[in-house]
Amino acid sequence: MLDVLTHPAYGKLFAAQAIALVGTGLMSVALGLLAYDLAGTDAGVVLGTVFAIKMVAYVGFSPVAHALIERLPRKAVLIAADLVRASVAVFLPFIDAVWQVYLLIFVLQAASAAFAPAFQAVIPDILKDDARYTRALSLTRLAYDLENLASPALAGLLLTFMNFHGLFAGTVAGFLGSAVLVWLAAVPPRAPDSAEFGFADRLTRGLRLYLATARLRGLLALSMAAAAPSAFVLVNTVVIVRVRFGGDESAFAVAMAAFGAGSMLTALILPRLLERISDRTAMLTGAGAFGLLALVLAAYAGAAGWPGWNAFLALWALAGMSYAAILTPSGRLLRRSGDASERPSLFVAQFALSHACWLVTYPLAGWVGGAFGLPAALGLLGAIGIAAAGTAAGVWPKCPPAPAPDPG
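A. Examining the confidence of the model for the chain more closely. Averaged over every residue, the pLDDT of the chain is 82; residues scoring 70 or more account for 89%. Helix α6 (residues 150-158) is the least confidently modelled element of the chain, averaging 70 in pLDDT, while helix α15 (residues 374-395) averages 95, the highest of any element. Across residues 400-408 the pLDDT falls below 50, and counting only partners more than four positions away or on other chains, this stretch makes 0 contacts in the model.

B. Summary view of the environment of L139. Following the sequence through the fold, L139 ends up in helix α5 (residues 130-145). Given the relative accessible area of 3%, L139 is considered buried. In this structure, the C-alpha to C-alpha distance between L139 and A18, residues 121 residues apart in sequence, is 9.6 Å.

C. The arrangement of the side chain of S230 in detail. Following the sequence through the fold, S230 ends up in helix α9 (residues 214-244). At a separation of 2.4 Å, a polar atom in the side chain of S230 contacts the main-chain carbonyl oxygen of A226. Within the structure, the side chain of S230 is placed 3.5 Å from the backbone oxygen of A227, a separation counted as a polar contact. Ignoring sequence-local partners within four residues, the contact set of S230 consists of F259, F290, Y323 and W358.

D. Region of the structure containing the pattern of salt bridges. Summed over all chains, the structure comprises 3 salt bridges. Among the salt bridges present, the one from R336 reaches D279, with a minimum N-O distance of 2.7 Å. In this pair, R336 sits in helix α13 (residues 330-336) while D279 sits in helix α11 (residues 279-304), placing the two residues 57 residues apart along the sequence. Since its relative accessible area comes to 41%, R336 is described here as partly exposed. Taken together, the salt bridges that share partners define one network made up of D279, R332 and R336.

E. Main features of the packing of helix α1 (residues 8-39) against helix α4 (residues 98-126). Relative to each other, α1 and α4 sit at 160 degrees, their axes nearing to 12 Å. The angle between the axes of α1 and α4 places the two elements in the roughly antiparallel class. Crossing hand, α1 versus α4: left-handed. Note on element contacts: α4 touches α1 through V98, V101, I105, L108, Q109, F119, V122, I123 and I126, opposite A9, Y10, L13, Q17, M27, L31, L34 and L38. Residues that form the contact of α1 with α4 fall into these classes: 15 nonpolar, 2 polar and no charged.

F. Looking closely at helix α3 (residues 74-89). A rise of 1.5 Å per residue sets the reference length of α3, with its 16 residues, at 22 Å; its end C-alpha atoms lie 23 Å apart and thus fit the reference within 8%. Residues R74, V77, L78, I79, A81, D82, R85, A86, V88 and A89 constitute the buried set of α3.

G. Just a nonpolar patch on the surface, in detail. On the surface, V56, V84, W99, L103, F106 and V107 cluster together to form a nonpolar patch covering roughly 550 Å² of accessible area. Per-element accounting of the nonpolar patch gives the leading share, 4 residues, to α4. Within the fold, V84 resides in helix α3.

H. The packing of aromatic side chains, seen in detail. This model, assessed by the stated rule, comprises 12 aromatic pairs. Geometrically, the ring pair formed by F115 and F119 is stacked, given 5.6 Å between the ring centres and 20 degrees between the ring planes. Taken together, the positions of F115 and F119, both in helix α4 and 4 residues apart, correspond to about one turn of that helix. Owing to a relative accessible area of 7%, F115 belongs among the buried residues under this scheme. Looking at F119, the relative accessible area reads 5%, which means it is buried. Here Y323 and W358 contribute two aromatic rings whose centre-to-centre distance is 6.3 Å and whose plane-to-plane angle is 75 degrees, an arrangement assigned as edge-to-face. With Y323 in helix α12 (residues 309-327) and W358 in helix α14 (residues 343-372), this residue pair connects regions lying 35 residues apart in the sequence. With relative accessibility at 9%, the residue Y323 sits in the buried group. Residue class for W358 comes out buried when judged on its relative accessible area of 9%.

I. Representation of the nonpolar core. Membership of the largest hydrophobic core comes to 127 residues, with the highest contact counts inside it found for Y10, L13, L167, F232 and W316. Examining the composition of this core, we find that 17 residues originate from one element, α9, more than from any other. Setting aside its immediate chain neighbours within four residues, L13 contacts F119, V122, I123, I126, V182, A185 and V187.

J. Up close: the environment of F351. Tracing the sequence through the fold places F351 in helix α14. Overall, F351 belongs to the buried group, its relative accessible area being 4%. Spatially, the C-alpha atom of F351 lies 6.4 Å from that of P117, the residues being 234 residues apart in sequence. With sequence-adjacent residues up to four places away left out, F351 is seen in contact with Y58, S62, S112, A113, A116 and P117.

K. Seen up close, the environment of G390. Among the structural elements, G390 can be located in helix α15. Taking the C-alpha atoms as reference points, G390 and G218, 172 residues apart in sequence, are found 9.7 Å from one another.

L. Structural detail: the packing of α3 against α4. Viewed as axis vectors pointing N to C, α3 and α4 meet at an angle of 150 degrees, and their least axial separation amounts to 9 Å. Classed by the angle they form, the pair α3 and α4 counts as roughly antiparallel. You can see that α3 and α4 cross each other, and the crossing is left-handed. Mapping the contact onto sequence places R74, V77, L78, A81, D82, V84, R85, V88 and A89 in α3 and L104, V107, L108, A111, S112, A114, F115, A118, F119, A121, V122 and D125 in α4.

Procedures and definitions
- Residues numbered from 1 in each chain as written.
- Predicted model: local features only at pLDDT ≥ 70, side-chain atom pairs only at ≥ 80, totals over all residues.
- Heavy atoms only, no water.
- pLDDT = per-residue confidence, 0-100.
- Helix = DSSP H or I, 4+ residues; strand = E, 2+ residues; numbered from the N terminus.
- Contact = heavy atoms within 4.5 Å.
- Buried < 20%, exposed > 50% of the residue type's maximum accessible area, 1.4 Å probe, protein only.
- Polar contact = N/O pair within 3.5 Å; in protein donor to acceptor, adjacent residues only side chain to side chain.
- Salt bridge = Lys/Arg side-chain N within 4 Å of Asp/Glu carboxyl O.
- Axes fitted to C-alpha atoms, helices over the stretch in contact; angles between N-to-C directions.
- Parallel < 35°, antiparallel > 145°, perpendicular 65-115°, else oblique.
- Left-handed = near helix turned anticlockwise from the far one by under 90°.
- Nonpolar A, V, L, I, M, F, W, Y, C, P; charged D, E, K, R; others polar.
- Expected span 1.5 Å × (residues − 1).
- Patch = residues over 30% accessible without salt bridge, like charges linked within 9 Å, V, L, I, M, F, W, Y side chains within 5 Å.
- Areas by Shrake-Rupley, 256 points an atom, 1.4 Å probe, with all protein chains shown as cover.
- Phe/Tyr/Trp six-rings, centres within 6.5 Å; stacked < 30°, edge-to-face > 60°.
- Core = buried A, V, L, I, M, F, W, Y, C linked by side-chain atoms within 4.5 Å.

Written as structure tokens, this is what we have:
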């Protein structure tokens, strides 16, 4: 898998993504602890709102940003977004009120809404071979999992000699490092006809292409199947760890690292597995397993309380495995569904629509958990995940088997 990193441009871009995500992961740990510091046992409600604001920025701003910047040089767009994110992160250690959290996170995530889909659309233009691109997708999944594994582990180490406010300095360093590496990489120009449309067409083109494709309608349902149970993990883990287990800041980091470890394991396995089974089979299996795990755990927690610490970590690792099985192959579907001029619009549409799913599930995870208890929130989100997996199976038809060769 790692041989794809020998590609000069992709190697630098992957490093940029990885270092930025380490910084973002440190921010996620620090925000969880900051929310508990500001709101106590209502931290889940605060984090649910923070994540909802993040999704509003992603869903509302990414199509507009794409339409506005499509004619600008890709490298300049990526670097500018990183610099904006670093500038905002400088102020995060000085937050002392919940409304300040909400404001700064909105600005930072609006910049991310411009960066992420533009970055994702560059990779298939660099790696044109399907096998190499599949390996790159798995590496990308691993990079995202640094938020849940390497970053919490690093955060746990740093928290032994500093308070959580110091973690935000790592966020600033991550975004600045990303900007430098993008500047050093050779980023290909856009396809010649990718910016010939008017603003209104550019704003809606990706959505129209996306919804006209059966496999992508299935991908949208699978995005909801991934978002529902994992929203519970991201919003309420800090409450479970601090209240149920009486854990400290490092215990919270360990719990999130367990989720990330499961996700990384699946990302390592998938490239070879996808040589034997279809994307559809892998993604639907992951979606069904994720929803079922959430329902079973919710029933157990409601009846007997949360399981012990080691069992809890194992279940979070299984949740991470299911989550990665749904999301890792998604780039392959987008690549197959459009040519070079259409792919940037498709990636923006997937970015906005998938985060619209999170916009629904993050508030549910926080608000239902605060009002009715965490088992009720997990059960509801698990049921949504199962329903979404069933919808995906219905709207994404199986490909017919290849015809047998003519013996004559």
